[in-house]
Each structure stands twice: as C-alpha cells, then as structure tokens.
There are 2 protein chains.
Amino acid sequence: MQPIISVITLAVDDLVQATKFYHQGLGLPTKGVVGEPEQDTQVAFFKLNNNLKLALWPRESLQRQTSCAVTGHGVLISHNVVSREAAEQLLRKAAAAGAVVNKAAHEQPWGCFGGYFTDPEGYLWEVTFNPDLVSKD
Amino acid sequence: MQPIISVITLAVDDLVQATKFYHQGLGLPTKGVVGEPEQDTQVAFFKLNNNLKLALWPRESLQRQTSCAVTGHGVLISHNVVSREAAEQLLRKAAAAGAVVNKAAHEQPWGCFGGYFTDPEGYLWEVTFNPDLVSKD
C-alpha cells in the first residue's frame, strides 16, 4: 500500500482530562472536544507535524465504530486512500495477508468511506477514503 | 511542544510474522529485521509517509527499554526534539502536566538521548534527541 497516515487515535476513558493534558499540559494545538457523543463523532484532534493528527476518542465510540473490543490500551492508526475502491481493495489485501477485517468499508458517520482491520498481533487500522481531502487537492 | 512525530512503534510477540504481514502482505517498504536482540535494538522499520516510520519491536525489548509493563497492546509514539536539553525539558513539562515519567532521559542503546512518559490514560510516549537527524539537516 502507498502509506498515507493521517491520524493516530487513542481510545480514552476520560476525554476531558486527556484533552487537558495534551492541550494545556503539553501545549498541542486543538479546537478542543468537538462532535456528538450519540453519533460517536465526539473527539478531540491535535495538530502534529506533516498533516498528522493525534485524536482522542472515547473508548465506547471507538469500540462501536470499529467493531473491535478494546480492553486496555486501544490505538487506531488511520490510513487514507484515494477512492472508495482503494479502501475496499486494501481491506481485501489485508485479509488475504492474514488480517481480520473487523468491519468492511461503509459510510462512516463523519462523511468518509472506510473500514477496519486488525493485524496478526491485534493492532487496529482504519482504511478510509475522505472525499474532502481529495477535493481540496 | 512542537510536535515532530517520527515513529509509531507496535510491541509485537512474533516479530517475523508481523514483519511478513506488513512487508509481503501489505507491501510496506522495509529493510527487514535489523539489530541485536541482546541490546534491544532488534526491530523492523517500515517507511510510511512524510518521514514517519512504523516500527515493530519485540515486547520484551520495549518493556525493558521503556520501563513500562506492556500487557495487551503496546504502542509507543516517538517524538523527536532538537537537543538533549529539549528532551529533558519536555519530560519535565509532561510530568508537571500529570504524566508519569517511566524513564528519565538517558543514552539509548541506538545512539539517541531520550526518555519515556505515559499520559494520564497510560499511553506511552518517547521524547528523544537523535543527533543523526540534526547533523543531516
């Protein structure tokens, strides 16, 4: 795959406290907590370098959206692809290589089209097409 | 902090199998497994985008080097700083913000100078100065 890593997401139990740590504590820029908990879109994004973002996402939302049970620490690495077809193709490739596809590519609540797989060690990846990223190019 | 994220490291139980998955399976470029297990430098790096790397590191090495017990999934996010002083400074800042410093800044076996902290949710970060990166600029 042509790797374009856009977001490193940490599953958190206390979104407010964790946001405070990274923003006030470490000084990472953020717009704070945005989105709606009922739609699993409540999240805090922090700008890192090179278009990379750190995201804090409540554990329940991450579990629900990825269909992956997250006990202990849960990290989701998001990989952007250039089309819906590329998302489906990469998920098939991952499955053929031994990954478990937790959730096939689908319309995500935040307007992207993507799915989730876990690698042979159980690490969770998102493969997603974000139409906004393409149209901005 | 001025975020410069250089490596996302996954603690793995089967380095060979995990390397095969990301290299042969997903096609990520790598030089394969390098380094010495006795020195905790055995690792596989994969080139991602924008100077970001994915690393697979045996769980025991990661635990020993970071002084952090990793049960379940262990992810280490590495953040480069521009000097030894900056590494010490950021670790102090993290501690003041509520992080646990697992290991103060020290000479690391691979020639960097850095330390490790865990955020309030227990996620593990490395803060490190790599003299090679500076001299190549």
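Here is what the cut-offs are and how they apply
Residues numbered from 1 in each chain as written. Chains lettered and ligands numbered in written order. Predicted model: local features only at pLDDT ≥ 70, side-chain atom pairs only at ≥ 80, totals over all residues. Heavy atoms only, no water. Helix = DSSP H or I, 4+ residues; strand = E, 2+ residues; numbered from the N terminus. Rg over C-alpha atoms; globule rule 2.2 N^0.38 Å. Contact = heavy atoms within 4.5 Å. Areas by Shrake-Rupley, 256 points an atom, 1.4 Å probe, with all protein chains shown as cover. Lys, Arg positive; Asp, Glu negative; His and termini not counted. Charge placed at Lys NZ, Arg CZ, Asp CG, Glu CD. Buried < 20%, exposed > 50% of the residue type's maximum accessible area, 1.4 Å probe, protein only. Pairing = 2+ DSSP bridges. Salt bridge = Lys/Arg side-chain N within 4 Å of Asp/Glu carboxyl O. Core = buried A, V, L, I, M, F, W, Y, C linked by side-chain atoms within 4.5 Å. Axes fitted to C-alpha atoms, helices over the stretch in contact; angles between N-to-C directions.

**Q** Is there a simple way to explain the overall build of chain A in this structure?
**A** Helices and strands together make up the secondary structure of chain A, namely four helices and eight strands. Listed N to C, the secondary structure of chain A is β-α-β-β-β-α-β-α-β-β-β-α in terms of helices and strands. On C-alpha atoms alone, chain A measures out to a radius of gyration of 15 Å, which is about the 14 Å that the 2.2 N^0.38 rule sets for 137 residues. In terms of principal-axis extent, the alpha carbons of chain A reach across some 45 × 35 × 25 Å. For chain A, contacts bridging at least 24 residues in sequence account for 51% of all contacts bridging at least 6. Element-wise, carbon and sulfur atoms account for 52% of the exposed surface of chain A, whose accessible area totals about 6200 Å². One way to put it: in chain A the 11 positive side-chain charges average out to a point 4 Å from where the 14 negative ones average out.

**Q** Where do I start with the environment of Phe45(B) in this structure?
**A** All names here are of chain B. Relative to the elements of secondary structure, Phe-45 occurs in strand S3 (residues 43-47). Through-space distance from the C-alpha of Phe-45 to that of Gly-35 is 11 Å; in sequence the pair is 10 residues apart. Sequence-distant contacts of Phe-45, defined by excluding residues within four places in its chain, comprise Val-7, Pro-29, Thr-30, Lys-31, Gly-32, Lys-53, Leu-54 and Ala-55.

**Q** What exactly am I supposed to notice about the pairing of strand S8 (residues 124-129) of chain A here?
**A** Residues in a regular strand point their side chains to alternate faces of the sheet. All names here are of chain A. Most of S8 sits out of view: six of its six residues are buried. Of the two faces of S8, the one holding Leu-124, Glu-126 and Thr-128 and the one holding Trp-125, Val-127 and Phe-129 are both buried throughout. Two strands pair when backbone bridges link them, and strand S5 (residues 75-81) and S8 are joined in this way by six bridges, in the parallel orientation. The residue of S8 that forms the bridge with Val-81 is Phe-129.

**Q** Even after reading the chapter, I still don't get the pattern of salt bridges, so can you show me in this structure?
**A** Any two side chains of opposite charge can pair if their charged atoms end up close together. For the structure shown, the criterion picks out six salt bridges over all chains. The residue Glu107(A) makes a salt bridge to Arg84(A) at a minimum N-O spacing of 2.3 Å. Of the two residues, Glu107(A) is situated in strand S6 (residues 100-107) and Arg84(A) in helix H3 (residues 84-96); the sequence distance between them amounts to 23 residues. In this structure, Asp13(B) and Arg59(B) form a salt bridge, with 2.7 Å as the shortest nitrogen-oxygen distance. Of this pair, Asp13(B) sits in the loop between strand S1 (5-12) and helix H1 (15-25) while Arg59(B) sits in helix H2 (residues 59-66), and the two are 46 residues apart along the sequence. Its relative accessible area of 54% is what places Asp13(B) among the exposed residues.

**Q** Honestly, unusual backbone geometry in this entry has me stumped. Any pointers?
**A** Most peptide bonds take the trans configuration, and most residues that are not glycine carry a negative phi. Backbone geometry places Asp40(A), a non-glycine residue, at a positive phi of 60 degrees. Along the polypeptide, Asp40(A) turns up in the loop between strand S2 (30-34) and strand S3 (43-47). Positive phi, normally seen in glycine, also occurs at Asn50(B), with a value near 50 degrees. Within the element layout of this structure, Asn50(B) appears in the loop between S3 and strand S4 (53-58).

**Q** I would appreciate a short explanation of the nonpolar core in the present structure.
**A** Generally speaking, nonpolar side chains in soluble globular proteins are found buried as a group. One finds Tyr22(A), Leu10(B) and Tyr22(B) to be the most contacted residues of the largest nonpolar core, which totals 86 residues. Those residues in contact with Tyr22(B), other than ones at most four positions away along the chain, are Asp119(A), Trp125(A), Leu10(B), Gly27(B), Leu28(B), Phe46(B), Leu54(B) and Leu56(B).

**Q** Where do I start with the sheet that holds strand S7 (residues 113-118) of chain B in this structure?
**A** Sheet strands associate in pairs through backbone hydrogen bonding, adopting either a parallel or an antiparallel arrangement. Residue and element names in this part refer to chain B. The sheet built from eight strands is open, its strands ordered S2-S3-S4-S1-S5-S8-S7-S6 with mixed pairing. Two strands bound the open sheet, and with one partner strand each, they are strand S2 (30-34) and strand S6 (100-107). Geometrically, the sheet is characterised by an average inter-axis angle of 20 degrees between neighbouring strands, direction not taken into account.

**Q** Looking at this structure, how should I read the pairing of strand S8 (residues 124-129) of chain B?
**A** All names here are of chain B. Of the strand pairs in this sheet, S7 and S8 are connected by six bridges, and their pairing is antiparallel. Opposite Thr-118, over in S8, you have Leu-124 as the bridge partner. Between S7 and S8, which pair antiparallel and follow one another directly, the connecting turn spans five residues, one of which, Gly-122, has a positive phi of 95 degrees.

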